[in-house]
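As a plain string of letters, each chain reads:
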Amino acid sequence: MNALVPASLQHFLRTTRFPALPEALPTFFSIAGIDHRELPLSNTYAFFFRSGAPHGLGSLFREALLDVVHRKGAEPAERPTSLGPTHAAREYPMKLGQALDLLVHDGPAERSLQGASFVLLIENKVNHWVANNLTNYWASIPNLAYKVGIVLGKRAEAVEHPWLYITHLELARAVELRLGPAVGQAHPRYLPVLLHFLDHLKQMSDTSPDAFTVAFDYAQRHRSALAQAQQLINSITPAGLAATVAEAFGSAYLPGGVFNDRLDIRHAARSGLRYIVFYGDILDLAKPPSFAITFYAGGSHKSEVAAWRAYLTNLPEAREAGIGYLPWLKVYNELVMGKVYPFLGTTLDELTREIAAALATDWQPLEPKWLAVPAPPAP
């Protein structure tokens with residue numbers, strides 16, 4: 001191993017057994033493509049908050065949410081102990097023509113608060129921040145003996161008093177704590193739905209409690225060695241890889257902007273059209289190492305980009321080299337075509353040689369076709 005790597009880190013890397021972190025499996029919500037949509041999430045919450053729904057769990061979700069509210073010390077009064085059946089109304093009308101995602105209460109009917117002893121105003125968030133008129137929401141609902149305003153979201157934000165921010169993860173954990181002794185009451189038809197829902201709430205929160213526990217315990221036992229490894233990883237910078245790319249291209253090319261995952265580089269003979277070399281997958285140690293060379297019609301109108309693509313990708317030299325349109329290029333409107341290359345070596349010198357070889361073999365034979373052409377021929 002390289003002498004620049006501390007001996008203690010070399011020993012650690014040779015002898016340690018890294019823990020296997022629990023893998024996040026797809027849930028029904030991700031399979032169905034609704035994992036980042038608020039309406040399906042709110043509808044599912046409403047189903048499980050309704051004590052009379054056929055899930056068989058009664059008011060478990062209500063009690064779990066009140067557990068979190070109580071733990072945060074934000075209850076308006078002593079926690080109520082005698083509550084009626086729980087209703088959950090979706091898109092409950094507020095003043096000013098607005099609507100609340102979820103109103104949980106024990107009134108006589110889903111959309112009636114007459115005689116209710118408690119009410120929970122719930123605004124549900126997935127990827128959006130809190131931009132709602134919470135003051136109007138609060139004023140739209142009568143002040144019952146027990147009234148709490150809650151924003152449910154992925155990451156805690158500051159919300160105006162008397163509203164309380166609770167994460168989906170906090171609620172999911174509270175439900176799991178109460179579910180243990182109550183799981184036998186769940187209707188077998190809806191128990192899998194509930195388990196998928198809870199797992200989805202945890203995955204949506206960008207964290208796996210089980211994986212975090214394993215990683216935290218391991219990290220505390222090996223703090224020094226992992227700190228050295230982190231320092232080593234942090235030294236692999238985009239600027240370092242950009243310099244390697246520039247070296248591989250040579251003096252006939254001029255490097256431009258350096259980004260976290262790519263470098264702009266143009267031929268000295270023409271500035272408007274250029275290469276963009278992507279190296280993000282080399283920086284990301286969780287992915288197979290690879291780099292991509294792409295061709296960029298900088299500043300061109302969409303129709304010009306399409307004309308360059310039709311012209312260049314149909315050239316025999318491009319087809320023989322396997323250069324063409326890549327699906328992920330649609331994120332970058334001005335990229336014409338590209339090719340991905342696996343990085344087969346392990347050293348920086350090997351990376352330099354592989355980039356230089358790809359340029360010489362695949363791309364330089366195409367250069368006469370665009371260096372001297374003011375505009376692509378009409379298709």
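Quick note: structure is the one above.
Summarised in this report is the structure supplied together with it.

Our next topic: the nonpolar core. One finds Tyr 45, Phe 49, Phe 61, Leu 120 and Ile 122 to be the most contacted residues of the largest nonpolar core, which totals 41 residues. Looking at this core, the elements that each hand over two or more residues are helix H3 (38-49), helix H4 (60-71), strand E2 (99-105), strand E3 (118-124), strand E4 (146-153), strand E5 (163-167), helix H6 (168-182) and helix H7 (191-204). When residues in this core are grouped by element, the largest group, seven residues, is from H4. Sequence-distant contacts of Phe 49, defined by excluding residues within four places in its chain, comprise Phe 61, Arg 62, Leu 65, Thr 86, Ala 88, Leu 102, Val 104, Ile 122 and Leu 171. Counting residues in each nonpolar core, the second largest holds 37 residues, with Ala 297, Ile 323, Leu 351 and Trp 370 among its members.

Strand E9 (residues 290-297) sits mainly inside the fold: eight of its eight residues count as buried. Residues Ser 290, Ala 292, Thr 294 and Tyr 296 point to one face of E9 and Phe 291, Ile 293, Phe 295 and Ala 297 to the other, with burial holding for every one of them. Direction of pairing for strand E8 (residues 273-278) relative to E9: antiparallel, over a ladder of six bridges. Looking at the pairing, Val 277 lines up with Ile 293 of E9.

This part takes up the packing of helix H1 (residues 7-15) against helix H9 (residues 223-234). Two elements in contact, H1 and H9, have axes whose closest approach is 9 Å; the angle formed by their N-to-C orientations is 100°. Here H9 runs roughly perpendicular to H1, going by the angle between their axes. Contact residues: Ser 8, Leu 9 and Phe 12 in H1; Ala 225, Leu 226, Gln 228, Ala 229 and Leu 232 in H9. Looking at side-chain class alone, the contact of H1 with H9 contains six nonpolar, two polar and no charged residues.

Moving on: the sheet that holds E3. Hydrogen bonds along the backbone pair up the strands of a sheet, which may run parallel or antiparallel. Strand order in this open sheet of five strands is E1-E2-E3-E4-E5, and the pairing throughout is mixed. Edge positions in the sheet fall to strand E1 (87-93) and E5, since each has one partner strand and no second. Averaged over all neighbouring strand pairs, the angle between strand axes comes to 30°, with direction disregarded. Where E1 meets E2, six bridges bridge the pair, whose relative direction is antiparallel. Considered in E2, the bridge of His 87 is made with His 105. Packing of H3 onto the sheet brings it into contact with E1, E2, E3 and E4, and relative to E1 it is tilted by some 145°.

Moving on, we get to the sheet that holds E8. Strand order in the open sheet formed by five strands is E6-E7-E8-E9-E10, with antiparallel pairing between adjacent strands. Strands at the two margins of the open sheet, each flanked by one partner only, are strand E6 (253-258) and strand E10 (335-342). Pairs of neighbouring strands in the sheet enclose a mean axial angle of 25°, with direction left out of account. Seen against the sheet, helix H14 (residues 348-363) touches E6, E8, E9 and E10 and runs at an angle of roughly 40° to E9.

In total, this model carries 25 aromatic pairs according to the counting rule given. Look at Tyr 275 and Trp 370: their rings are 6.0 Å apart centre to centre, the planes differ by 80°, and that puts the pair in the edge-to-face class. Taken together, the residues span a long stretch of sequence, with Tyr 275 in strand E8 and Trp 370 in helix H15 (residues 368-371) at a distance of 95 residues. Site record: aromatic cluster; members linked through ring pairs are Phe 28, Phe 29, Tyr 45, Phe 47, Phe 48, Phe 49, Phe 61, Tyr 190 and Phe 197. In this arrangement the basic side chain of Lys 147 is found over the ring face of Trp 138, its NZ or CZ atom lying 4.1 Å from the centre. The ring of Phe 259 has Arg 262 lying over it, and the distance from NZ or CZ to the ring centre is 4.4 Å.

Criteria and thresholds
- Residues numbered from 1 in each chain as written.
- Predicted model: local features only at pLDDT ≥ 70, side-chain atom pairs only at ≥ 80, totals over all residues.
- Heavy atoms only, no water.
- Core = buried A, V, L, I, M, F, W, Y, C linked by side-chain atoms within 4.5 Å.
- Buried < 20%, exposed > 50% of the residue type's maximum accessible area, 1.4 Å probe, protein only.
- Helix = DSSP H or I, 4+ residues; strand = E, 2+ residues; numbered from the N terminus.
- Contact = heavy atoms within 4.5 Å.
- Pairing = 2+ DSSP bridges.
- Axes fitted to C-alpha atoms, helices over the stretch in contact; angles between N-to-C directions.
- Parallel < 35°, antiparallel > 145°, perpendicular 65-115°, else oblique.
- Nonpolar A, V, L, I, M, F, W, Y, C, P; charged D, E, K, R; others polar.
- Phe/Tyr/Trp six-rings, centres within 6.5 Å; stacked < 30°, edge-to-face > 60°.
- Lys NZ or Arg CZ within 6 Å of the ring centre and 35° of its normal.

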